[in-house]
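The lines below spell out each chain.
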Amino acid sequence: MKRIRTIFSITAILLATLTLTGCESKLVVFDPQGPVARNLTDLIIFSIIFMLLIVIVVFILFGFIVWKYRAKPDNEDYEPPHEEGSTALEITWFIIPVIIVVALTIPTIITISDVEDVPEGYEQHEPLIIHVTSADWKWIFSYPEQDIETVNYVNIPAERPIQFKMTSAGTMQSFWVPALAGQKYTMANMQTQLYLVADRPGEYIGRNTNFNGEGYAHMSFEVVAESPADFNEWVSDVKNTANVLTEEEYREILTPSIIGRKTYNETHLQWIDHAHGGSEDYINPEDYETHLYEQEGEIDEEDSDVSITDTETEEEQDESESDQTHEEMDMDESEHEGH
């Protein structure tokens, strides 16, 4: 009876966990907004169903064996005969895992191959090339054709393939827009590529999924998919209103920090492409130490202020108590003289 209650309690906890964590009607990964994300979602769903079937079969066989060969009063003295083994069974339970691995490997390889190129149906469209540079803790997007650079957001035309050429100015990060594409790493001194297409205009959240220090949680960006006309209008507005990016300001952007959105005319590619090295000329490792020390200094100052305040309060209390004692002594002396 105690075992039944334990099993029931565990089941209730699991159900409650699943219920409470399922507050959102849709998980982003299972709500793809482009062909690349759709391919990955199909692979995930296939893998989950396939593995679930395997788990169900295993548990059914496990329950059947436990029930069939359970101990009973009429077989308490039963001694099973000595068996040397079964070659057929050995081959069977070796082949089954191989089949399972192959069944998961084939669709995975096909899907990975598909998402590494322009999505099917968009082969005749020329991709818009956008360079992505990750830095601590922000994302930099460079449009070489439009000669525009943005920070922490990227505008793209809907229904047109986008080719991201990605690198890092320093530590390794991971670029992921779950509604539109899969995850891919950005690394210094090398370039990775990622293709995606947005089915329709909309706003999609992207983020870094590789821990890279204290600003990791704030390293997100927004992908704004617009109609081709709206995208061209945005480019025109930037050309007419945005400031020109200077090398000095770019160095400041690369300083380890958390900043908001920025928009510039011209790109940093005129000075450096971090995929081909040279980041050490723009990033000072001591900036990380300075950044941390500044924060520690602020904390120390706060602690110091608290200590001073506490000391002042204690001194005021002591002075008040001392004054009160003197007043009582004066009153006693007055009463004594009166007598």
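All of these numbers come straight from a predicted model, not from anything done at the bench. (Residues numbered from 1 in each chain as written. Predicted model: local features only at pLDDT ≥ 70, side-chain atom pairs only at ≥ 80, totals over all residues. Heavy atoms only, no water.)

Caption draft 1: Structural detail: a nonpolar patch on the surface. A surface patch of nonpolar side chains, amounting to about 900 Å² of accessible area, comprises Leu27, Phe30, Ile44, Ile45, Ile48, Ile49, Leu52, Leu53, Ile56 and Ile60. Within the element layout of this structure, isoleucine 56 appears in helix 2 (residues 35-68). (Patch = residues over 30% accessible without salt bridge, like charges linked within 9 Å, V, L, I, M, F, W, Y side chains within 5 Å. Areas by Shrake-Rupley, 256 points an atom, 1.4 Å probe, with all protein chains shown as cover. Salt bridge = Lys/Arg side-chain N within 4 Å of Asp/Glu carboxyl O. Helix = DSSP H or I, 4+ residues; strand = E, 2+ residues; numbered from the N terminus.)

Caption draft 2: Highlighting the pairing of strand 1 (residues 128-135). Of all eight residues in strand 1, seven are buried; the element is thus mostly enclosed. Strand direction decides the pairing type here: strand 1 and strand 5 (residues 162-168), joined by seven bridges, are parallel. Paired with isoleucine 129 across the bridge in strand 5 is glutamine 163. Note that strand 1 and strand 2 (residues 138-143) share five bridges and pair antiparallel. Bridging from a neighbouring strand, histidine 131 pairs with serine 142 of strand 2. Turn length for the strand 1-strand 2 hairpin, with the two strands adjacent in sequence and antiparallel, is two residues. (Buried < 20%, exposed > 50% of the residue type's maximum accessible area, 1.4 Å probe, protein only. Pairing = 2+ DSSP bridges.)

Caption draft 3: Spatial organisation of the sheet that holds strand 2. Strand order in this open sheet of seven strands is 8-5-1-2-3-12-11, and the pairing throughout is mixed. Bordering the open sheet on either side are strand 8 (192-196) and strand 11 (243-244), each of which pairs with just one other strand. Against the sheet, helix 5 (residues 247-254) contacts strand 1, strand 2, strand 3 (148-151) and strand 12 (262-265), and its axis sits at roughly 145 degrees relative to strand 2. (Contact = heavy atoms within 4.5 Å. Axes fitted to C-alpha atoms, helices over the stretch in contact; angles between N-to-C directions.)

Caption draft 4: Broad picture of the confidence of the model for the protein. For the protein, the mean per-residue pLDDT works out to 82, and 77% of the residues sit at or above 70. In the predicted structure, residues 292-316 sits below a pLDDT of 50 and forms two contacts with residues beyond four places in sequence or in another chain. Segment residues 331-339: pLDDT under 50, and zero contacts once partners within four positions in sequence are set aside and those in other chains are kept. (pLDDT = per-residue confidence, 0-100.)

Caption draft 5: Just the side chain of asparagine 265, in detail. Along the polypeptide, asparagine 265 turns up in strand 12. At a separation of 3.1 Å, a polar atom in the side chain of asparagine 265 contacts the main-chain carbonyl oxygen of valine 238. Other than its neighbours up to four places away in sequence, asparagine 265 contacts Asp147, Ile148, Val238, Lys239, Ala242, Asn243, Val244 and Leu245. (Polar contact = N/O pair within 3.5 Å; in protein donor to acceptor, adjacent residues only side chain to side chain.)

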